[in-house]
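Chain residues, written in single-letter form:
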Amino acid sequence: MEVKIAESWKKYLNGEFEKDYFKKLVEFIKEEYKNKKVYPSGSQIFNAFDKCSFEDCRVVILGQDPYHGEGQANGLCFSVADGIKVPPSLVNIFKEIKEDLGIAIPKSGNLERWAEQGVLLLNATLTVRAGEAGSHQKKGWEEFTDAVVKIISEQKENVVFLLWGSYAQKKGAVVDKKKHLILEAPHPSPLARGFAGNKHFSKTNDYLESKGLKKIEW
């Protein structure tokens, strides 16, 4: 598996690719793709970085695991490919956007349009075995994505971090609150309560505009 990642991220992440943990991770992932059914497709593992350049990154949303159902995962957290039923967490995200900004709920759950505007849709773990939630956890991905969060915090300013649920909040604890905006809420899953009414989408845009940055067309 060659690590294919957008040029803009390379100078910040090349150091991680040289570390022992990442080399072991690559070997593990190669074997998994060879012997098991794994999501997303190999070409989409780093989709979050391909669709959102380092320079353009203005918002970070942290997820946990890719979806493990057929055809769902497309390398962007909470997002699914066109034509796939919108998952419950994303339904709740769309409902909140409608309540917050009056934007109609889209038919597709593909969030590439967000990524292309500078929203890094980053899962903590970038791959998963089909039908086996959490199967690629604790193999090195979390260390890599922790490094990504830290690099964004250190190298950029005025980024909005949307941390939904305790897992994302723990992962985002390294973010410098003096340089960035952190917005926290319960997870949008129907199994959690309290996500509705957070107004994170209008708050994000208000902050970006206050810093002279372009708002996101949610």
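Keep in mind that what you see is a predicted model, and the values were worked out from it rather than measured.

Calculation notes
- Residues numbered from 1 in each chain as written.
- Predicted model: local features only at pLDDT ≥ 70, side-chain atom pairs only at ≥ 80, totals over all residues.
- Heavy atoms only, no water.
- Phe/Tyr/Trp six-rings, centres within 6.5 Å; stacked < 30°, edge-to-face > 60°.
- Buried < 20%, exposed > 50% of the residue type's maximum accessible area, 1.4 Å probe, protein only.
- Helix = DSSP H or I, 4+ residues; strand = E, 2+ residues; numbered from the N terminus.
- Lys NZ or Arg CZ within 6 Å of the ring centre and 35° of its normal.
- Pairing = 2+ DSSP bridges.
- Axes fitted to C-alpha atoms, helices over the stretch in contact; angles between N-to-C directions.
- Contact = heavy atoms within 4.5 Å.
- Parallel < 35°, antiparallel > 145°, perpendicular 65-115°, else oblique.
- Nonpolar A, V, L, I, M, F, W, Y, C, P; charged D, E, K, R; others polar.

*Asks:* Residue-level account of the packing of aromatic side chains, with values.
*Replies:* Per the counting criterion, the structure on display carries 19 aromatic pairs. Relative to Phe22, the ring of Phe17 lies with its centre 4.9 Å away and its plane at 45 degrees, an arrangement referred to as tilted. Phe22 shares its class with Phe17; the two are buried. Ring geometry for Trp114 versus Phe201: centroids 6.4 Å apart, planes at 50 degrees, classification tilted. Of the two residues, Trp114 sits in helix H5 (residues 112-115) while Phe201 sits in helix H8 (residues 200-210), which places them 87 residues apart along the sequence. With respect to class, Trp114 is no different from Phe201; both count as buried. Clustering of aromatic rings is evident, with ring pairs tying together Trp9, Tyr12, Phe17, Tyr21, Phe22, Phe46, Phe49, Phe54, Trp141 and Phe144. The cationic tip of Lys156 hangs over the ring face of Phe54; the distance from NZ or CZ to the ring centre is 5.1 Å.

*Asks:* Give a description of the sheet that holds strand E2 (residues 59-63) that names residues and reports values.
*Replies:* Taken in spatial order, the 4 strands make up an open sheet running E3-E2-E5-E6, and their pairing is parallel. With one partner strand each, in any of the chains shown, strand E3 (119-123) and strand E6 (181-185) form the two edges of the open sheet. Sheet twist, expressed as the average angle between the axes of neighbouring strands with direction ignored, equals 20 degrees. Two elements, strand E5 (residues 160-164) and E6, share 5 bridges in a ladder whose sense is parallel. Note on E6: the bridge partner recorded for Leu163 is Glu184. Packing against the sheet, helix H6 (residues 141-155) makes contact with E2, E3 and E5, and its axis sits at approximately 155 degrees to E3.

*Asks:* Provide a residue-level description of the pairing of E5, including the pertinent values.
*Replies:* Within E5, 5 of the 5 residues are buried, which leaves the element mostly enclosed by the surrounding structure. Of the two faces of E5, the one holding Val160, Leu162 and Trp164 and the one holding Phe161 and Leu163 are both buried throughout. Strand direction decides the pairing type here: E2 and E5, joined by 3 bridges, are parallel. Across the sheet, the residue bridging to Val60 is Phe161, located in E5.

*Asks:* Could you give an account of the packing of helix H4 (residues 88-101) against H8, with specific residues and numbers?
*Replies:* Interhelical geometry of H4 versus H8 gives an angle of 60 degrees and a closest axis separation of 8 Å. As the angle between them shows, H4 and H8 are arranged oblique. Of the residues in H8, those touching H4 at Ile93, Glu96, Ile97, Asp100 and Leu101 are His200, Phe201 and Ser202. Among the residues forming the contact of H4 with H8, the class breakdown is 4 nonpolar, 2 polar and 2 charged.

*Asks:* Summarise unusual backbone geometry; cite the residues concerned and give the values.
*Replies:* Omega for the peptide link from Tyr39 to Pro40 comes to -10 degrees, which places this bond in the cis form. Relative to the helices and strands, Pro40 resides in the loop between strand E1 (38-39) and helix H3 (47-51). Of note, the phi angle at Asn158 is positive, near 60 degrees, even though the residue is not glycine. Take Asn158: it is sitting in the loop between H6 and E5. The backbone of Lys199 shows a phi angle near 55 degrees, a positive value even though the residue is not glycine. Relative to the elements of secondary structure, Lys199 occurs in the loop between E6 and H8. According to the relative accessible area criterion, Lys199 is partly exposed, its value standing at 40%.

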